[in-house]
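Working through the structure, step by step
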Amino acid sequence: MLIDLHTHTAPRSDDSYLEPDELIVQAKHAGLDALCLTEHDWFWDAGEISELCQRHDFLVLPGVEITTEEAHLLAFGLEKYIFGMHRASFVKRLVDEVGGAIIVAHPYRRHFPIGAEPEDERYYPALTRACESPLFQVADAIEVLNGRGSEKENAFSQEIGRKLNLSGVAASDAHSSADIGSCATLFQRKISNLQDLIAELKTGRFRAVNLAAESKRIAQQREGREQAPPSTSPS
Ligand SMILES: [Zn+2]
Ligand SMILES: [Zn+2]
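Quick look at the structure, then.

The rules we used
Residues numbered from 1 in each chain as written. Chains lettered and ligands numbered in written order. Predicted model: local features only at pLDDT ≥ 70, side-chain atom pairs only at ≥ 80, totals over all residues. Buried ≥ 20, exposed ≤ 12 C-beta atoms within 10 Å, placed from the backbone. Helix = DSSP H or I, 4+ residues; strand = E, 2+ residues; numbered from the N terminus. Pairing = 2+ DSSP bridges. Axes fitted to C-alpha atoms, helices over the stretch in contact; angles between N-to-C directions. Contact = placed C-beta atoms within 7 Å. Arc of directions from axis to C-beta.

1. With respect to the pairing of strand β5 (residues 72-76)
- When you tally the buried positions in β5, you get five out of five residues, the bulk of the element.
- Here β5 shows two buried faces, one formed by His72, Leu74 and Phe76 and the other by Leu73 and Ala75.
- In sequence, strand β4 (residues 64-67) turns back onto β5 through a hairpin of four residues.

Shown next, in the form of structure tokens:
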């Protein structure tokens, strides 16, 4: 199942230009099987989520993107904002109490030296520093592909995942319709509800997919086939 784990809608996320209905229609159109609504420090009501699911005949799951002092955390299983959530360790404690899951969103932020190439002398010290951050101890997975991150930034996140042996997810972090369908996470097993999602996030039975790159590759292959001379069929 192809799921976008990280999206924002207006007006709940004040930096988003996407209405929830528009997001869902576009997600279906992009070939996704489900999506998670993860507003900034704002929790969806379970009733509203199930209304959206029914109206669109599409699986919508509730999550949240919590702004902590250390990083932005995508949390699954929590239901309301509690004072103290500005600390990652506190979020981790709450999530563990309810048997939820945490993904570190765009882990390159605050760590990646802007514009740096791996050849740059700042690159590997920054990577080492990032990996030493206790932040990653709270994570069930990290976002190795963020739809709004650059190729270099996401490559840095992938290096963090590799070094720390953390599972990697991909998500659009959509704030506008142009962001939808850029990337998503492919789960091996069927996910029907939030509990299934949390269980699968903890097993690591998924992989990050760059949908934009894949569709470009498929289009190029198709183009190549069209340009190639027709193959002769055996007589
Ligand atoms: Zn964020
Ligand atoms: Zn976000």
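That covers the picture; the talk isn't over yet.
2. Quick word on the environment of His86
- Mapped onto the secondary structure, His86 falls in the loop between β5 and α3 (88-98).
- In sequence terms His86 and His29 are 57 residues apart; their C-alpha atoms lie 36 Å from each other.

3. Notes on the sheet that holds strand β7 (residues 141-146)
- The five strands lie next to each other as β4-β5-β6-β7-β8, forming an open sheet whose pairing is mixed. Sheet topology places β4 and β8 (167-171) at the edges, where each strand pairs with a single neighbour. On average, each strand axis in the sheet is tilted by 35° relative to the strand beside it, whichever way the strands run.
- Sheet topology places β7 next to β8; five bridges connect them, and they run parallel. Counterpart to Asn146 in the pairing with β8 is Ala171.
- The strands touched by helix α5 (residues 151-164) are β7 and β8; relative to β7, the strand with the most contacts, the crossing angle is about 155°.

4. Things to note about the sheet that holds strand β2 (residues 34-37)
- The strand order across the open sheet built from five strands is β3-β2-β1-β9-β10, with neighbouring strands paired in mixed fashion. With one partner strand each, in any of the chains shown, β3 (59-62) and β10 (206-209) form the two edges of the open sheet. The sheet shows a mean angle of 30° between the axes of neighbouring strands, taken without regard to direction.

5. A look at helix α1 (residues 20-29)
- Among the residues making up α1, those that are buried are Pro20, Leu23, Ile24 and Ala27. One side of α1 holds all its buried residues, which, seen down the axis, span an arc of 95°. The exposed set on the far side of α1, more than 90 degrees from its buried face, consists of Asp21 and His29.
- Residues of α1 that are buried make contact with β1 (2-7), β2, α2 (46-56) and β3.
- One or two steps after α1, the chain reaches Gly31, where phi turns positive at roughly 90°.

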